[in-house]
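Spelled out, the chains give:
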Amino acid sequence: MRIVIVENTEDNLQALKNTVHTLLPNALVKGFTKGDEAEEWCNSHSSEVEIYFGNWWGTDEEFDTPEGSTVWKYVDWQKKPLVICTGDEAQFEKWSIRDGADSYISRPVTTEKLRDTLESLNF
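Bear in mind the structure is a predicted one, so any value in this text is a computation, not a measurement.

**Comments concerning the nonpolar core**
It is characteristic of soluble globular proteins that their nonpolar side chains tend to be buried jointly. The biggest cluster of nonpolar side chains holds 18 residues, and the ones touching the most others in it are Val4, Cys42, Tyr52 and Trp77. Breaking this core down by element, the ones donating at least two residues are β1 (2-6), α2 (35-44), β3 (49-55), α3 (68-74) and β4 (82-87). The greatest single-element share of this core, amounting to three residues, is contributed by α2. In this structure Cys42 touches Val4, Tyr52, Val75 and Trp77, once residues within four positions along its chain are discounted. In terms of nonpolar packing, the next biggest core, distinct from the first, is built from 16 residues, Leu16, Val20, Val29 and Val109 among them.

Here it is, written out as structure tokens:
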């Protein structure tokens, strides 16, 4: 199973990788903190990704690369993955679903939250 994670910091990226590997120990996880790099990689591997995690930047953060929560929309997926957005603010859940994500998990993403989300999506 191939999973892509796009997060805003190395700490958030590592924490989510650890959580994913707790539930899905055999998953191949590719992580990014730069949306443009994630977009390029995903376009080259668009048929392989089964789950895509994309972050929302905080409202007070400045960034110079696309957010993970929007990068997935720029990829020419051969097979659309399950899209789960992550973030720190409640309003991001509404925005994620409005933008076509399958689900949203508020940080910190715990094993329980991830398990419940995957079960609710029949994954």
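**Things to note about α2**
If you check which residues of α2 are buried, you get Gly35, Ala38, Trp41 and Cys42. Around the axis of α2, the buried residues are gathered within 125° of arc, so they sit on the same side. Along α2, exposed side chains directed more than 90 degrees from the buried face belong to Glu40 and Ser44. In this fold, the buried residues of α2 make contact with β1, β2 (28-32), β3 and α3.

**Some details on the packing of aromatic side chains**
Given two aromatic rings, one states the distance between the centres and the angle between the planes to describe the pair. Counted according to the given criterion, the structure contains five aromatic pairs. On the numbers, 6.1 Å between centres and 50° between planes, the contact of Phe32 with Trp41 is tilted. Take Phe32 and Trp41: they sit in the same class, and that class is buried. One aromatic cluster is present, built from ring pairs that chain together Trp56, Phe92 and Trp95.

**A closer look at the sheet that holds β4**
The parallel open sheet is built from five strands, whose spatial order is β2-β1-β3-β4-β5. The open sheet terminates on both sides in strands that have one partner only, identified here as β2 and β5 (103-106). Adjacent strand axes in the sheet meet at a mean angle of 20°, parallel and antiparallel pairs treated alike. Relative to β2, β1 is paired through five bridges, and the arrangement is parallel. Across the sheet, residue Arg2 finds its bridge partner in β2, namely Leu28. Running at roughly 160° to β5, helix α4 (residues 91-98) makes contact with β4 and β5 of the sheet. Docked against the sheet, helix α5 (residues 111-120) engages β3, β4 and β5, running at close to 170° with respect to β5.

Cut-offs used in this document
- Residues numbered from 1 in each chain as written.
- Predicted model: local features only at pLDDT ≥ 70, side-chain atom pairs only at ≥ 80, totals over all residues.
- Heavy atoms only, no water.
- Core = buried A, V, L, I, M, F, W, Y, C linked by side-chain atoms within 4.5 Å.
- Buried < 20%, exposed > 50% of the residue type's maximum accessible area, 1.4 Å probe, protein only.
- Helix = DSSP H or I, 4+ residues; strand = E, 2+ residues; numbered from the N terminus.
- Contact = heavy atoms within 4.5 Å.
- Arc of directions from axis to C-beta.
- Phe/Tyr/Trp six-rings, centres within 6.5 Å; stacked < 30°, edge-to-face > 60°.
- Pairing = 2+ DSSP bridges.
- Axes fitted to C-alpha atoms, helices over the stretch in contact; angles between N-to-C directions.

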